[in-house]
Amino acid sequence: MAEVILMPRLSDTMTEGVIAAWHKKIGDKVKKGELLAEIETDKATMELESYKDGTLLHIGGDKGSKIQVDDLLAILGNPGEDISGLVKGKSSGATGAAKPDMEKPVTKETDTPDKAEGDVPTGGQGASMDLSKMEEVVLMPRLSDTMTEGVIASWHKKVGDPVKKGEVLADIETDKATMELESYKNGTLLYQGAKDGEKIAVNDLLCIIGEQGKVNVDAIVAAAKGGGQKPEAGSQKSEAGQQTAQPTQQAAQSTAQQTSGSTTPEGRIKASPLAKKLAKEKGIDLSQVQGSGDNGRITKSDIDNFKPSPQQAAGTQPSAQPIVSGQEGYRDIDNSQMRKVIAKRLGESKFSAPHFYLTMEINMDNAMTARAQMNEVSDVKISFNDMVVKAASMALRKHPAVNSSWMGDFIRQYQHVHIGVAVAIEEGLIVPVIRFADQKPLSQIAAETKELAGKARNKKLQPNEFTGNTFTISNLGMMDIEEFTAIINPPDSAIMAVGRIKEVVVRKGDGFGVTNVMKITLSCDHRSVDGAVGAAFLQTFKKYMENPVTMLV
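Here the residue numbers are simple positions, counted from 1 along each chain's written sequence. Selection of residues for local features in this predicted model requires a pLDDT of at least 70, selection of side-chain atom pairs for listing and counting requires 80 or more, and totals for whole chains, interfaces and linings are taken over all residues. Hydrogens and water molecules were not included; the side-chain quantities draw on all heavy atoms of the structure.

## Structural notes on the overall build of the chain
- Runs of H or I in DSSP of at least four residues are treated as helices and runs of E of at least two as strands, each being numbered from the N terminus. Broken down by element type, the chain carries 13 helices and 26 strands.
- With a 1.4 Å probe rolled over the protein chains alone, any residue whose accessible area is under 20% of its type maximum counts as buried; one over 50% counts as exposed, and the rest are partly exposed. Taken over 553 residues, the chain has a buried fraction of 46%.
- Intrachain contacts of the chain at a sequence separation of at least 6 include 63% that bridge at least 24 residues.
- As displayed, the chain has an accessible area near 28300 Å², and 51% of this comes from carbon and sulfur atoms. In this description, contact between two residues means that some pair of their heavy atoms is separated by no more than 4.5 Å. Each accessible area is a Shrake-Rupley estimate made with a 1.4 Å probe; only the visible protein chains count as cover when residues are assessed.

## Concerning helix α9 (residues 337–352)
- Multiply 1.5 Å by the residue count of a helix minus one, and that product is the helix's expected span. Relative to the 22 Å expected for 16 residues at 1.5 Å per residue, α9 spans 22 Å between its end C-alpha atoms, a close match to the ideal helical length.
- Within the span of α9, buried status applies to Gln337, Met338, Val341, Ile342 and Ser349. Buried residues of α9, viewed axially, fall in a sector of 135 degrees; they line one side. Set apart from the buried face of α9 by more than 90 degrees, the exposed residues are Ala343, Lys344 and Phe351. The directions from the helix axis to the C-beta atoms form the arc being described.

## Side note on the sheet that holds strand β6 (residues 54–59)
- Whether two strands pair comes down to DSSP finding at least two bridges between them. Within the open sheet, the four strands sit side by side as β1-β8-β6-β3. Their pairing is antiparallel. Two strands close off the open sheet at either side, each with one partner strand: β1 (3–6) and β3 (29–30).

## Structural notes on the packing of aromatic side chains
- The aromatic pairing rule takes the rings of Phe, Tyr and Trp, using the six-membered ring of Trp, and pairs them if the centres are within 6.5 Å, calling planes under 30 degrees apart stacked, those over 60 edge-to-face and the rest tilted. This model, assessed by the stated rule, comprises one aromatic pair.
- Here the aromatic rings of Phe471 and Phe537 are separated by 5.6 Å at their centres, their planes lie at 55 degrees, and the arrangement is tilted. Taken together, the positions of Phe471 in strand β24 (residues 471–475) and Phe537 in helix α13 (residues 531–546) put the pair 66 residues apart, joining distant regions of the chain.
- Over the face of the ring belonging to Phe384 we find Arg371, whose NZ or CZ atom lies 4.6 Å from the ring centre.
- For a ring to carry a charge above it, either NZ of a lysine or CZ of an arginine must fall within 6 Å of the ring centroid while also lying within 35 degrees of the normal to the ring plane. Positioned over the ring face of Phe512 is Arg507, at 5.6 Å from the centre of the ring.

## Thoughts on the pattern of salt bridges
- Any carboxyl oxygen of Asp or Glu within 4 Å of a side-chain nitrogen of Lys or Arg constitutes a salt bridge here. According to the stated counting rule, one finds 21 salt bridges in the structure shown.
- In this structure, the salt-bridge partner of Asp28 is Lys25, at a minimum N-O distance of 3.6 Å.
- The salt bridge involving Glu448 is made with Lys440; its shortest N-O contact spans 2.8 Å.
- Look at Glu448 and you get buried, because its relative accessible area is 18%.
- A single network of salt bridges, built from pairs that share partners, joins Asp480, Glu482, Arg500 and Lys502.

## What about a nonpolar patch on the surface?
- A cluster of nonpolar residues, Met478, Met479 and Ile481, forms a patch on the protein surface that exposes about 330 Å² of accessible area.
- Summarising the element assignment, Ile481 is placed in the loop between β24 and β25 (494–508).
- Ile481 sits in the partly exposed class, given a relative accessible area of 32%. Patch membership is restricted to residues that have no salt bridge and whose relative accessible area is over 30%. Joining uses 9 Å for like charges and 5 Å for the nonpolar side chains Val, Leu, Ile, Met, Phe, Trp and Tyr.

So, in structure tokens, the structure goes:
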């Protein structure tokens with residue numbers, strides 16, 4: 001089935017992109033991860049990779065054309081597929097070749113092409129500045145579809161440091177993952193909008209990068225405050241002036257930080273995401289590692305070269321106060337961005353959508369036999385959850401009322417079936433999406449589920465891999481949970497909770513025997529799915545699971 005690719009927002013201020021080059025032409029086969037095109041934004045020229053396999057059926061504009069953000073960029077699908085409806089419905093933004101005499105090429109660290117070198121704002125103009133058009137200003141970008149604010153996990157550069165294009169500026173914790181933010185220009189870091197651990201709203205002032213002495217930092221910060229910037233973020237300004245004006249003092253502070261270990265004054269350990277991952281895999285306590293990066297930050301090489309002290313190697317704990325028996329106490333844990341979004345979205349779902357629940361018992365004898373036979377010939381191990389995904393997706397095809405969303409004034413029934421598979425990670429819950437699951441064989445569903453779950457646990461999911469679900473499955477059977485109910489995952493109208501497979505004694509002929517059963521519970525939004533509709537869907541699902549061969553024809 002053909003799929004539309006829209007022009008992505010590749011920088012915090014981008015409103016349109018210019019096609020610098022196409023790396024594929026119409027009719028070419030495209031593989032997931034292959035380079036599709038080079039896009040000139042208002043910040044730099046960036047490479048755009050394909051996130052799916054297919055044939056390039058349509059492009060939204062030739063080389064040099066401008067395309068607005070969220071307008072049609074390309075269509076991928078099967079050769080010969082009719083895409084006239086998609087082109088007509090999505091076409092808009094290509095405005096023709098960019099004219100050299102009207103637009104500067106946006107291939108270096110420029111922001112607004114018509115802005116002259118000397119147009120740096122001076123004091124007294126802060127209230128009228130448009131920060132989004134200033135090349136020295138870096139605003140907090142929206143790094144996920146649901147992100148409203150980001151937390152500074154750690155800065156890789158400090159005020160006064162030189163910054164090169166492509167260098168990592170900071171680690172930003174979003175509601176989905178911790179992501180590295182790279183600089184799009186060369187210069188000096190003149191200002192930081194927040195310290196490690198502090199929050200910055202999307203499109204608020206993150207930092208200022210420019211040529212020292214030629215940028216009025218005071219005016220920019222004042223303009224940011226006038227636009228709603230948090231006062232505590234602006235308090236970094238005075239530190240910026242001190243640090244840039246007193247390099248000797250700055251160096252002394254840096255040395256002091258490094259000699260005092262890799263923790264912040266608040267006690268948080270500073271380490272790169274990769275270093276944290278490697279330390280967890282190797283069982284290394286990060287508090288015992290001396291960081292060699294900026295401000296004592298722990299890097300991959302520090303983990304690779306770490307050697308425990310004899311005391312640690314022997315398994316003895318460093319001296320610490322013993323916990324007195326009967327002593328009361330508690331620990332406050334700050335909520336991550338992901339945990340906050342989970343709380344907000346599921347709270348809204350539970351209390352705005354009238355839930356009702358339908359539970360059914362599935363005989364799994366045939367499914368167990370079929371799975372064993374399929375795994376004898378499949379290159380990828382097929383799980384019972386993969387069979388649940390396939391059966392649910394095929395049942396949704398026959399009951400489109402369940403494959404829907406409540407939109408307030410209308411109900412949207414989807415013609416495609418995208419199954420979200422809930423994955424538990426350390427920070428909470430994320431839902432990777434198996435797209436067009438009803439059209440894929442079990443082996444492909446198994447391979448994609450395994451790949452996406454791995455990306456989710458490593459915080460490597462791309463936005464298109466955890467959005468767009470039309471139905472969700474939550475399986476706790478592997479944790480020995482027999483039966484449970486799940487909260488609907490917006491914008492879906494239903495979610496299926498899957499329990500464990502267990503043996504029960506049943507009457508067989510004139511005697512008794514053992515059979516394997518699994519309980520599933522469907523949570524439905526009564527605004528869009530009625531009880532009889534949900535029950536009919538479960539009956540179809542049950543037929544597929546109890547007769548797996550019907551899913552293969």
